[in-house]
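Here are the chains, one letter per residue:
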Amino acid sequence: MDVVMHYLDTYVFDSIYNKAADLTSTAPLPRDSLVRQSLSLFVFIYAYIVAFYFGTAGLSYKLIYDKKQEQHPKFLPRQRFLEMACASRALPQITIMTIPWILGQLHGYSLVYKDWNKYGYTYLFVSAAAFILFTDFCIYWVHRLEHHPSVYAKCHKLHHKWIVCTPYASHAFHPMDGYLQSVPYHLAVYVFPMHEYVYLALFAFVNVWSVMIHDGEYVSNNPVVNGAAHHTVHHLYFNYNYGQFTTLFDRVFNTYRKPSQEVYDRSRRNSKRVQDEQAKRIDDALPSLETTSDSSSSSSKKTQ
Ligand SMILES: [Zn+2]
Ligand SMILES: [Zn+2]
């Protein structure tokens with residue numbers, strides 16, 4: 001992140017802080033000031049995540065999303081705009097909670113490194129794979145614990161308002177929910193070393209992936225990849241498929257549910273019969289799902 005901050009300071013922030021110092025007749029804040037870094041990080045991270053969210057989800061909605069899903073009986077009136085409003089309310093708070101992690105990186109407390117040769121080129125791929133597996137494992141448990149009844153209503157229920165999602169649901173969370181699910185991405189570079197560019201690239205990738213698993217276009221029928229079909233099962237039936245990138249930990253911890261074949265076929269999944277059946281199963285299961293525990297609940301198993 002310090003390479004990003006270097007360019008931002010040079011081309012954007014130096015002149016802004018110098019002008020602010022002139023206007024207030026004070027000395028400009030130095031680049032290593034915690035106050036200046038926190039302010040600059042808020043502006044940069046917020047601008048980045050807003051542009052990334054609306055850009056990626058907007059493109060996905062326009063080019064990929066199957067809009068016939070908006071006819072599903074569980075699709076809410078004006079849902080796309082409700083998702084955007086929800087994300088817009090959450091993103092400033094998530095940004096503020098993210099700043100300490102990035103400050104830690106800027107001040108050398110993380111294991112991010114710059115020299116491509118420090119651990120060799122093979123390690124670049126090893127660290128990328130480790131990042132996916134580590135964050136997938138952590139998000140699995142964060143997400144699964146968020147389904148515990150003692151926290152579900154306060155923290156995660158808002159994201160499950162979207163039973164049939166659009167790509168804009170990807171960041172439409174309660175702020176604490178969005179933050180907790182992002183913690184593993186920040187924590188990873190405090191656990192094992194990563195090259196700064198590999199880390200930045202993967203950070204962009206995870207944001208795109210969040211949009212992709214909500215875009216309703218079930219391209220991947222791979223049993224290992226946790227694609228949109230798997231995450232749709234999570235939104236429809238709640239206590240399955242908690243993973244983010246792979247189905248590995250859902251299989252290991254017995255919460256995997258295979259998407260039915262009809263979701264990969266546009267005409268079948270958009271048929272009124274299939275959608276009405278899904279809506280009925282949700283209506284039958286919803287009261288018990290929202291008041292009992294996660295996948296260990298026997299009532300939730302009835303939805304299979
Ligand atoms: Zn969930
Ligand atoms: Zn989701």
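Residues numbered from 1 in each chain as written. Chains lettered and ligands numbered in written order. Predicted model: local features only at pLDDT ≥ 70, side-chain atom pairs only at ≥ 80, totals over all residues.

**Focus: the overall build of the protein**
Point 1. When its secondary structure is counted, the protein shows 12 helices and two strands.
Point 2. When the helices and strands of the protein are placed in sequence order, the string is α-α-α-β-α-α-α-β-α-α-α-α-α-α.
Point 3. Here the C-alpha radius of gyration of the protein, 21 Å, is about what a compact globule of 304 residues would show, namely 19 Å.
Point 4. Principal-axis analysis of the C-alpha atoms gives the protein an extent of 70 × 45 × 40 Å.
Point 5. Classification of the 304 residues of the protein by burial places 36% in the buried group. (Helix = DSSP H or I, 4+ residues; strand = E, 2+ residues; numbered from the N terminus. Rg over C-alpha atoms; globule rule 2.2 N^0.38 Å. Buried ≥ 20, exposed ≤ 12 C-beta atoms within 10 Å, placed from the backbone.)

**Topic: the UniProt feature "transmembrane region" (unreviewed entry) in the protein**
Point 1. Cross-referencing UniProt, the feature "transmembrane region" (unreviewed entry) maps to residues 39-61 and 123-142 in the present numbering.
Point 2. Helix makes up 100% of residues 39-61 and strand 0%, whereas the separation of the span's terminal C-alpha atoms amounts to 32 Å.
Point 3. Taken end to end, residues 123-142 is 100% helix and 0% strand, and its first and last C-alpha atoms sit 27 Å apart. (UniProt positions renumbered as here; feature names shortened; annotations may be inferred.)

**Brief notes about the nonpolar core**
Point 1. One finds A87, A90, L91, W162, Y168, A169 and A172 to be the most contacted residues of the largest nonpolar core, which totals 27 residues.
Point 2. Breaking this core down by element, the ones donating at least two residues are α2 (34-63), α3 (79-106), α7 (196-212) and α8 (228-237).
Point 3. With sequence-adjacent residues up to four places away left out, A87 is seen in contact with Y53, Y168, H171 and A172.
Point 4. Ranked by size, the runner-up nonpolar core spans eight residues in total, among them F131, Y185, A188 and V189. (Core = buried A, V, L, I, M, F, W, Y, C linked by C-beta atoms within 7 Å. Contact = placed C-beta atoms within 7 Å.)

**Focus: the packing of helix α4 (residues 121-146) against helix α6 (residues 175-191)**
Point 1. Where α4 contacts α6, the axes come no closer than 9 Å and their chain directions differ by 150°. Taken as axis vectors, α4 and α6 run roughly antiparallel relative to one another. With respect to the hand of their crossing, α4 and α6 are arranged in right-handed fashion. For the pair α4 and α6, the contacting residues are F131, F134, T135, C138, I139, V142, H143 and E146 in the first and D177, L180, Q181, P184, Y185, A188 and V191 in the second. (Axes fitted to C-alpha atoms, helices over the stretch in contact; angles between N-to-C directions. Parallel < 35°, antiparallel > 145°, perpendicular 65-115°, else oblique. Left-handed = near helix turned anticlockwise from the far one by under 90°.)

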